[in-house]
Amino acid sequence: MNVSAHLSIGMDIGGTKTAAIVIDDNGKIESTVTVPTTQGNEGVLQTAEKVIQMLADETGCDASSFAWVGIGVPGQVDRDLGEVRYAHNLGMNRSRLHRC
């Protein structure tokens, strides 16, 4: 059984820190992590990737096979394009958030 297929990540990317949690299908918390947020388009994406890898390592799962990764950012998001249009306190402007 692929354990990570039953685990999901929720991530809050803020101007100073990024906090994330892994939960199972029943809402049980499996792992949490908080790291400083690196500013700018590339920095924010690198922070998100780092957090996902840290959570994968802590849960013993493959980072590419979580069921869902939900990300909240403090700014305008175009859901259809998967793009952060503007997030002033992250130093982001028109950055695409790719699906894992």
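The rules we used
Residues numbered from 1 in each chain as written. Predicted model: local features only at pLDDT ≥ 70, side-chain atom pairs only at ≥ 80, totals over all residues. Heavy atoms only, no water. Helix = DSSP H or I, 4+ residues; strand = E, 2+ residues; numbered from the N terminus. Expected span 1.5 Å × (residues − 1). Buried < 20%, exposed > 50% of the residue type's maximum accessible area, 1.4 Å probe, protein only. Pairing = 2+ DSSP bridges. Core = buried A, V, L, I, M, F, W, Y, C linked by side-chain atoms within 4.5 Å. Contact = heavy atoms within 4.5 Å. Axes fitted to C-alpha atoms, helices over the stretch in contact; angles between N-to-C directions.

### Description of the environment of Cys61
Then comes step 1: You can see Cys61 is positioned in the loop between helix H1 (41–59) and strand S4 (68–72).
Then comes step 2: For the pair Cys61 and Leu7, spaced 54 residues apart in sequence, the C-alpha separation works out to 9.0 Å.

### Some details on H1
Then comes step 1: For H1, with 19 residues, the first-to-last C-alpha span of 28 Å sits near the 27 Å given by 1.5 Å per residue.
Then comes step 2: For H1, the set of buried residues is Gly43, Val44, Leu45, Thr47, Ala48, Val51, Ile52, Leu55 and Ala56.
Then comes step 3: Positive backbone phi, approximately 75°, marks Gly60, located one or two places after H1.

### Digging into the pairing of strand S1 (residues 7–13)
Then comes step 1: Judged by how many residues are buried, S1 sits mostly within the fold: 5 of 7 residues are covered.
Then comes step 2: Pairing of S1 with strand S2 (residues 17–24) involves 7 bridges; the strand directions are antiparallel. Within S2, the residue paired with Leu7 across the bridge is Asp24.
Then comes step 3: One ladder, built from 5 bridges, connects S1 with S4; its direction is parallel. The partner of Asp12 across the bridge, within S4, is Gly72.

### Overview of the nonpolar core
Then comes step 1: Judged by nonpolar contacts, the single largest core of 22 residues is most densely connected at Ile9, Met11 and Phe66.
Then comes step 2: If you list the elements that add at least two residues to this core, you get S1, S2, strand S3 (29–36), H1 and strand S6 (83–87).
Then comes step 3: The biggest single contributor to this core is H1, with 6 residues.
Then comes step 4: Ignoring sequence-local partners within four residues, the contact set of Ile9 consists of Ala20, Ile21, Val22, Ile52, Leu55, Phe66, Trp68, Val69 and Gly70.

### Focus on the environment of Thr38
Then comes step 1: Tracing the chain through its elements places Thr38 in the loop between S3 and H1.
Then comes step 2: C-alpha separation for the pair Thr38 and Lys17, spaced 21 residues apart in sequence, amounts to 8.3 Å.
Then comes step 3: Excluding its chain neighbours within four sequence positions, the residues that come into contact with Thr38 are Gly43, Val44 and Thr47.

### Some details on the side chain of Thr47
Then comes step 1: Within the secondary structure, Thr47 sits in helix H1.
Then comes step 2: Setting aside residues no more than four positions away along its own chain, Thr47 makes contact with Thr18, Val35, Pro36, Thr37 and Thr38.

### A word on the sheet that holds S4
Then comes step 1: Strand order in the open sheet formed by 4 strands is S3-S2-S1-S4, with mixed pairing between adjacent strands. A strand with exactly one partner marks an edge of an open sheet, and here the two such strands are S3 and S4. Averaged over all pairs of adjacent strands, the angle between their axes in this sheet comes to 15°, without regard to strand direction.

From the geometry alone we can't say anything about function, so treat these as descriptive.
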